[in-house]
Amino acid sequence: MRKVFKKVILFTLVFGIIIVIFPKTNAEYINNATTENETLNDAIENVKFYSSFNYQTLTQDKLNKLTADFYLPVEYFGVSISYVIDSEYLALSQETEIINLRQGTSTIEKEVLKVTVLNLPNIIKGEQEFVIQATFNYLEKSFTYNYQGFITPVIPDDFLGGALYTLVRYGKMFLEGAGLTLLISLIGTVLGFILALFLATAKIIAPTPQDKALGRFLKIFFNKLSSTYITIFRGTPMIVQASFFWYGFGLFGNALLCGLFVVSLNTAAYIAEIIRGSVNTIDKGQTEGSLALGLSYSQTFIFVIFPQAIKNSMPAIGNEFVINIKDTAVLSVIGIFELFNQTKKITSLHYRQLEAYAIVALIYLILTYSITSILKLIEKRMGMKPLELTSSN
Amino acid sequence: MNILQIKNLHKSYGLEEVLKGVNLEVSKGEIISIIGSSGSGKSTLLRCINYLEVPTSGEILFKDTDYHATNKLIQNLRSKVTMVFQSFNLFDNFNVLENLILAPQKVLKLNKKDLIEKAYQTLDSVGMKDFSNKLPKHLSGGQKQRVAIARALMMNPEIILFDEPTSALDPEMVGEVLDVMKSLAKTGITMLIVTHEMSFAKELSDRVIFMNEGIVYEEGNPDIIFNNPKLPRTKEFLKRFNNNF
């Protein structure tokens with residue numbers, strides 16, 4: 001406001017000096033025309049609309065998310081303004097009214113036209129663009145300018161409406177989160193499986209009496225290493241592991257890679273135990289049958305035992321994938337926007353926790369249930385015994 | 001010439017001594033049946049010969065050579081002295097053909113194409129040619145055992161050890177396996193057979209060994225052992241069999 005006042009005072013001063021010093025000429029007329037344009041431009045740029053809520057100024061940001069009635073001033077420092085609004089959601093009143101604007105401790109009166117919001121668009125339709133066509137009239141000159149904004153649906157108060165609103169409005173965010181969750185779980189399980197092959201092998205191979213000193217030492221060393229690894233990763237929560245590697249080391253300088261790393265390492269520990277258990281259940285006769293033909297221990301292991309053990313442990317490994325879908329939620333702690341963290345973000349945008357968490361629970365359930373069903377189908381096709389969904393880590 | 005020589009073989013599991021000094025000589029091409037009651041150590045003796053059980057003491061010489069020192073030597077011995085098990089032990093993850101060619105391919109490093117041809121011939125000889133791409137779980141017990149015999153033959157072994165090959169079979173499937181073994185006996189291969197099929201042992205063997213409490217109690221020509229055993233424990237064991245016969 002003060003800036004405008006300054007401008008006006010400066011303007012008057014300069015104008016006055018020009019009138020005093022120079023006689024009225026053609027040149028002066030041109031000058032005069034320029035000031036008219038400047039005044040109009042000034043009005044276009046600085047005219048303010050007022051919200052019905054405490055008569056606050058409507059910034060462009062608020063105009064883009066309009067939900068309530070507002071006021072349009074009919075005059076700006078001698079520039080009179082008339083309006084046309086073409087929108088089925090808004091109605092411009094014909095009568096002017098006076099509102100009291102706060103100006104520091106005092107109030108000033110302002111003559112305005114009220115714009116009533118007739119109804120809000122529903123959430124399916126989404127935001128609706130509207131245009132306020134304002135015509136500025138000043139000293140027989142007129143200027144037309146279009147102000148754009150969006151009228152936005154409001155979140156309903158009831159649960160179902162709120163849930164529907166959340167789903168439609170933030171559906172894309174949920175989808176992105178679900179995609180990331182699936183990606184991390186899948187890659188984590190696959191990488192974990194590969195790592196688990198080595199871990200399980202190290203843990204299963206036992207030294208034989210015929211081994212030389214070095215071979216014996218290496219076998220025992222890797223055996224202990226693998227056991228320790230499995231104990232540590234199964235004995236600590238993944239949320240701690242994730243925090244340790246990300247906040248402790250800033251591993252890879254990328255939270256997503258670090259998260260994938262942690263999920264893979266964690267899953268590997270569990271799958272290694274699954275494979276080891278599965279190897280133990282393979283009939284001893286398979287080993288004997290192979291050894292009795294002259295195959296070595298390692299050949300027996302690679303060609304006969306391991307393929308059978310891995311095939312048998314496939315249902316449990318698939319189950320580990322399903323568990324990972326749920327457990328990757330803890331990666332929110334290192335700032336990965338997987339499904340759970342996306343939901344937290346959504347609740348911070350509209351403060352409707354009940355609806356948001358109900359939806360995300362449903363999404364998790366759909367993911368785990370459908371993937372379990374698919375895995376069961378595959379297992380049935382491959383003639384394996386399907387495994388029930390068991391407890392999480 | 002002795003292809004296999006076992007000298008004073010002992011085997012203990014903890015404090016329990018199963019083999020108490022077994023001495024045995026096997027000449028090339030001989031077919032030996034090992035009989036005896038359960039727990040007499042017949043199977044353990046057989047499993048010691050290819051080191052599936054490591055003997056506690058004693059010597060096993062295959063062609064006058066001791067093979068026990070390293071894993072490599074033991075593998076070498078096993079490829080020449082193969083075994084057929086009571087429970088078949090076919091590889092469940094491979095089909096019949098793959099079961100046959102795995103060991104010769106990996107151990108003897110033979111060409112796969114030749115091996116497939118040889119596998120079909122061997123399967124034909126045990127009457128299982130039509131089952132070459134079946135998985136073991138789709139075969140009956142008798143068929144499995146015939147495949148197991150074919151698998152052992154694929155290594156071109158010099159001795160085949162049979163560890164109760166018909167004990168896990170339904171009575172009506174025993175015949176088909178014994179027929180295969182009979183035709184195998186004609187090829188001149190050395191066979192050591194632990195069995196409870198007395199009539200089979202009597203008919204096929206060159207020599208019968210009766211084991212009792214961890215030693216070779218009595219041995220000899222099948223006619224003598226079955227019809228005229230000398231020692232009391234042998235008489236007692238064979239009485240039941242002869243009564244049923």
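Residues numbered from 1 in each chain as written. Chains lettered and ligands numbered in written order. Predicted model: local features only at pLDDT ≥ 70, side-chain atom pairs only at ≥ 80, totals over all residues. Heavy atoms only, no water.

(A) Region of the structure containing the overall build of chain A. Check the secondary structure of chain A and you find 11 helices and eight strands. In chain A, which comprises 393 residues, the proportion classed as buried is 42%. Contacts in chain A between residues far apart in sequence, at least 24 positions, make up 68% of those at least 6 positions apart. (Helix = DSSP H or I, 4+ residues; strand = E, 2+ residues; numbered from the N terminus. Buried < 20%, exposed > 50% of the residue type's maximum accessible area, 1.4 Å probe, protein only. Contact = heavy atoms within 4.5 Å.)

(B) Molecular detail of the interface of chain A and chain B. Each side of the interface is counted separately: chain A has 20 residues, and chain B has 29 residues. Roughly 2,000 Å² is buried in total at the junction of chain A and chain B, and carbon and sulfur atoms are behind 56% of that figure. Where chain A touches chain B, the interface holds one salt bridge. We note a salt bridge from Arg47 of chain B to Glu288 of chain A, for which the minimum N-O separation is 2.4 Å. Where chain A packs against chain B, one counts seven residue pairs in polar contact (both at pLDDT 80 or more). Looking at the side of chain A that touches chain B, the elements with two or more residues in it are helix H8 (284-291) and helix H9 (297-327) of chain A. (Buried area = accessible area lost by both parts, 1.4 Å probe. Salt bridge = Lys/Arg side-chain N within 4 Å of Asp/Glu carboxyl O. Polar contact = N/O pair within 3.5 Å; in protein donor to acceptor, adjacent residues only side chain to side chain.)

(C) Broad picture of the nonpolar core. Counting residues in hydrophobic clusters, the biggest one holds 43 residues, and the most contacted among them are Ile184, Tyr229, Ile275, Val279, Leu331 and Ile336 of chain A together with Phe91 of chain B. Among the elements of the structure, helix H4 (159-204), helix H5 (213-235), helix H6 (238-249), helix H7 (255-281) and H9 of chain A together with helix H3 (96-106) of chain B are those that each provide at least two residues to this core. Among the elements that make up this core, the one with the highest residue count is H7 of chain A (12 residues). In this structure, Ile336 of chain A is in contact with Leu180, Ile184, Ala255, Leu256, Gly259, Leu331 and Asn341 of chain A, ignoring residues within four places of it in sequence. (Core = buried A, V, L, I, M, F, W, Y, C linked by side-chain atoms within 4.5 Å.)

(D) Structural view of the environment of Gln86 of chain B. Residue and element names in this part refer to chain B. Within the secondary structure layout, Gln86 lies in the loop between strand S6 (81-84) and H3. Relative accessible area serves as the criterion here: at 33%, Gln86 is assigned to the partly exposed category. Separated by 79 residues in sequence, Gln86 and Pro165 place their C-alpha atoms 4.7 Å apart.

(E) Molecular detail of the pairing of strand S3 (residues 31-35) of chain B. All names here are of chain B. Across the five residues that make up S3, a large majority, five, are buried. Neither face of S3 is left uncovered, since the one carrying Ile31, Ser33 and Ile35 and the one carrying Ile32 and Ile34 both have all their residues buried. Sheet topology note: the S3/strand S8 (residues 190-194) ladder contains four bridges and is parallel. Bridging from a neighbouring strand, Ile32 pairs with Leu192 of S8. Sheet topology note: the S3/strand S9 (residues 207-212) ladder contains four bridges and is parallel. Of the residues in S9, the one forming a bridge with Ile34 is Ile209. (Pairing = 2+ DSSP bridges.)

(F) Fine view of helix H10 (residues 339-350) of chain A. Residue and element names in this part refer to chain A. Counted at 1.5 Å a residue, the expected span for H10 with its 12 residues is 16 Å, and the 17 Å between its end C-alpha atoms agrees. Backbone nitrogen of Phe340 and a side-chain oxygen of the N-cap are separated by 3.0 Å at the start of H10; the cap is Glu338. Positive backbone phi, approximately 55°, marks Tyr351, located one or two places after H10. (Expected span 1.5 Å × (residues − 1).)

(G) Fine view of unusual backbone geometry. One non-glycine residue with positive phi stands out, namely Phe77 of chain A, at about 40°. Residue position: Phe77 of chain A is located in the loop between strand S3 (75-76) and strand S4 (79-85). The exposure class assigned to Phe77 of chain A is partly exposed, which follows from its relative accessible area of 37%. Look at Tyr51 of chain B: it is not a glycine, yet its phi comes out positive at around 60°. Summarising the element assignment, Tyr51 of chain B is placed in the loop between helix H1 (42-49) and strand S4 (57-62).

(H) Up close: the packing of aromatic side chains. Enumeration over the complete set of coordinates arrives at 19 aromatic pairs over all chains. An angle of 80° between the planes, with centres 6.3 Å apart, marks the rings of Phe91 of chain B and Phe94 of chain B as edge-to-face. No difference in accessibility class separates Phe91 of chain B from Phe94 of chain B, as the two residues are buried. Through successive ring pairs, a cluster of aromatic residues spans Phe244, Phe245, Phe249, Phe252 and Phe261 of chain A. In this structure, Arg151 of chain B packs its charged tip against the face of Phe91 of chain B, placed 4.5 Å from the ring centre. (Phe/Tyr/Trp six-rings, centres within 6.5 Å; stacked < 30°, edge-to-face > 60°. Lys NZ or Arg CZ within 6 Å of the ring centre and 35° of its normal.)

(I) Representation of H9 of chain A within the structure. All names here are of chain A. Taking 1.5 Å per residue as the helical rise, H9 with its 31 residues ought to reach 45 Å, whereas the 38 Å between its terminal C-alpha atoms falls clearly short. Within H9, the axis deviates most sharply at Met314, by approximately 50°, and proline Pro315 lies no more than four positions further along. Within H9, 22 of the 31 residues are buried, leaving the element largely enclosed by the surrounding structure. (Bend = angle between axes of the 7 residues up to and from the residue.)

(J) Focus on the environment of Asn341 of chain A. Residues and elements named next belong to chain A. One can find Asn341 in helix H10. For the pair formed by Asn341 and Lys125, sequence separation is 216 residues and the distance between their alpha carbons is 27 Å. Excluding anything up to four places from it in sequence, Asn341 contacts Ser332, Gly335 and Ile336.

(K) Structural view of the confidence of the model for chain B. Residue-level pLDDT values for chain B average 89, and 98% of them are 70 or greater. The complex prediction reports pTM at 0.75, with the ipTM value standing at 0.90. (pLDDT = per-residue confidence, 0-100.)

(L) Up close: the pattern of salt bridges. All names here are of chain A. Per the stated rule, a full pass over the model turns up 13 salt bridges over all chains. With a shortest N-O distance of 3.2 Å, Arg276 and Glu273 are connected by a salt bridge. Of this pair, Arg276 and Glu273 both sit in helix H7, separated by three residues, roughly a single helical turn. Of the residues examined, Arg276 reaches a relative accessible area of 27% and is grouped as partly exposed. Linking Glu355 and Arg352 is a salt bridge whose minimum nitrogen-to-oxygen distance equals 3.0 Å. By the burial criterion, Glu355 is buried, and Arg352 matches it. Where salt bridges share partners, they join Lys203, Arg234, Glu273 and Arg276 into one cluster.

(M) Expanded view of the sheet that holds S9 of chain B. All names here are of chain B. In space, the six strands of this open sheet follow the order S6-S7-S8-S3-S9-S10, with mixed pairing throughout. Looking along the sheet, the strands with just one partner apiece sit at the ends: S6 and strand S10 (215-220). Across this sheet, the average inter-strand angle for adjacent strands is 20°, counted without regard to direction. Against the sheet, H1 contacts S3, S6, strand S7 (159-163), S8 and S9, and its axis sits at roughly 150° relative to S7. Where helix H5 (residues 141-153) meets the sheet, its contacts fall on S6 and S7, and the angle it forms with S6 comes to roughly 175°. (Axes fitted to C-alpha atoms, helices over the stretch in contact; angles between N-to-C directions.)

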